[in-house]
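Coordinate inspection notes
Spelled out from the first residue to the last, the chains are:
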Amino acid sequence: MTEQSTTHRVWRVGADIDTDALAPGAYMKFGIDEIARHCLQRVRPEFAANARPGDVLVAGPNFGIGSSREQAAAALVRLGIAAVVAPSFNGLYFRNAFNVGLLLLTCEQAETLQEGERIVLDPAAGRIRRATGGSAALRCDTVPGFLLEMVQAGGLLNLLKQRKTH
């Protein structure tokens, strides 16, 4: 995946966003559509109703702490979130996110991105560019090709199904 000129709108949340904020326990008995409708309601009540496909969630450190529930990443995928950008992620969340096709970018300078700002992502090169220009690109950890393949396929299961048919 190389840099594309597609711009993404930034949504900001703070540090230590846990899986219960992303997929509230009270809704876990329902399907992913219902869980997604309540994604981040404790932190950003307007988020699920107003997020649009292609938007990016920018967070502080320790994104995805808490339980290992896969729905915490799947809810963001269901809402059409293109990526989550943060200085650090919980290890289980990191694995679950790529498994369900959600791009994560580890970026020390994530918190310099502003609410509503438009950005261009280049995960293979490890950078984020502001669409308005001006400031230098933000450096991020590069995302290995096999993880980008999983994201492009819509997750690990889809990737395996594609490989099986080829």
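**A short note on the overall build of the protein**
- Within the protein, the regular secondary structure consists of seven helices and seven strands.
- Listing the helices and strands of the protein from first to last along the sequence gives β-α-α-α-β-α-β-α-β-β-β-β-α-α.
- The C-alpha radius of gyration of the protein comes to 15 Å, within 12% of the 15 Å expected for a compact globule of 166 residues.
- Here the C-alpha coordinates of the protein stretch approximately 45 × 45 × 25 Å along the principal axes.
- Here the protein holds 166 residues, and 45% of them are scored as buried.
- Contacts in the protein between residues far apart in sequence, at least 24 positions, make up 65% of those at least 6 positions apart.
- Only carbon and sulfur atoms are counted for the fraction: they give 51% of the accessible area of the protein, which is about 8,000 Å².

**Remarks on the side chain of D55**
- Tracing the backbone shows D55 in the loop between α3 (47-50) and β2 (56-58).
- Among the residues examined, D55 registers a relative accessible area of 4% and is labelled buried.
- Within the structure, the side chain of D55 is placed 2.6 Å from the side chain of R9, a separation counted as a polar contact.
- Beyond its immediate stretch of four places on either side in the chain, D55 contacts R9, W11, N50, G80, I81, A82 and A83.

**So, a nonpolar patch on the surface**
- Residues L156, L157 and L160 make up a contiguous nonpolar surface patch of about 270 Å² in total accessible area.
- Inspection of the secondary structure assignment puts L157 in helix α7 (residues 156-165).

**Notes on the sheet that holds strand β5 (residues 118-122)**
- Pairing is mixed across the open sheet formed by seven strands, whose spatial order is β4-β3-β2-β1-β5-β6-β7. A strand with exactly one partner marks an edge of an open sheet, and here the two such strands are β4 (103-106) and β7 (138-139).
- Where β2 meets strand β3 (residues 83-86), three bridges bridge the pair, whose relative direction is parallel. Across the sheet, L57 pairs through a bridge with V84, a residue of β3.

**Things to note about the pairing of strand β1 (residues 8-12)**
- Sheet topology note: the β1/β5 ladder contains two bridges and is antiparallel. Looking across to β5, one finds that R9 is bridged to R118.
- With three bridges connecting them, β1 and β2 associate as parallel partners. Bridge pairing links R12 to V58 in β2.

**Focus on the packing of helix α4 (residues 71-78) against helix α5 (residues 91-99)**
- The N-to-C vectors of α4 and α5 enclose an angle of 40°; their axes lie 8 Å apart at closest approach. Taken as axis vectors, α4 and α5 run oblique relative to one another. The two elements α4 and α5 meet at a crossing, and its hand is right-handed. Residues A72, A73 and L76 of α4 pack against Y93, N96 and A97 of α5.
- Of the residues that constitute the contact of α4 with α5, the class distribution is five nonpolar, one polar and no charged.

So, how was this worked out
- Residues numbered from 1 in each chain as written.
- Predicted model: local features only at pLDDT ≥ 70, side-chain atom pairs only at ≥ 80, totals over all residues.
- Heavy atoms only, no water.
- Helix = DSSP H or I, 4+ residues; strand = E, 2+ residues; numbered from the N terminus.
- Rg over C-alpha atoms; globule rule 2.2 N^0.38 Å.
- Buried < 20%, exposed > 50% of the residue type's maximum accessible area, 1.4 Å probe, protein only.
- Contact = heavy atoms within 4.5 Å.
- Areas by Shrake-Rupley, 256 points an atom, 1.4 Å probe, with all protein chains shown as cover.
- Polar contact = N/O pair within 3.5 Å; in protein donor to acceptor, adjacent residues only side chain to side chain.
- Patch = residues over 30% accessible without salt bridge, like charges linked within 9 Å, V, L, I, M, F, W, Y side chains within 5 Å.
- Salt bridge = Lys/Arg side-chain N within 4 Å of Asp/Glu carboxyl O.
- Pairing = 2+ DSSP bridges.
- Axes fitted to C-alpha atoms, helices over the stretch in contact; angles between N-to-C directions.
- Parallel < 35°, antiparallel > 145°, perpendicular 65-115°, else oblique.
- Left-handed = near helix turned anticlockwise from the far one by under 90°.
- Nonpolar A, V, L, I, M, F, W, Y, C, P; charged D, E, K, R; others polar.

Purely spatial values, then, with no claim about function.
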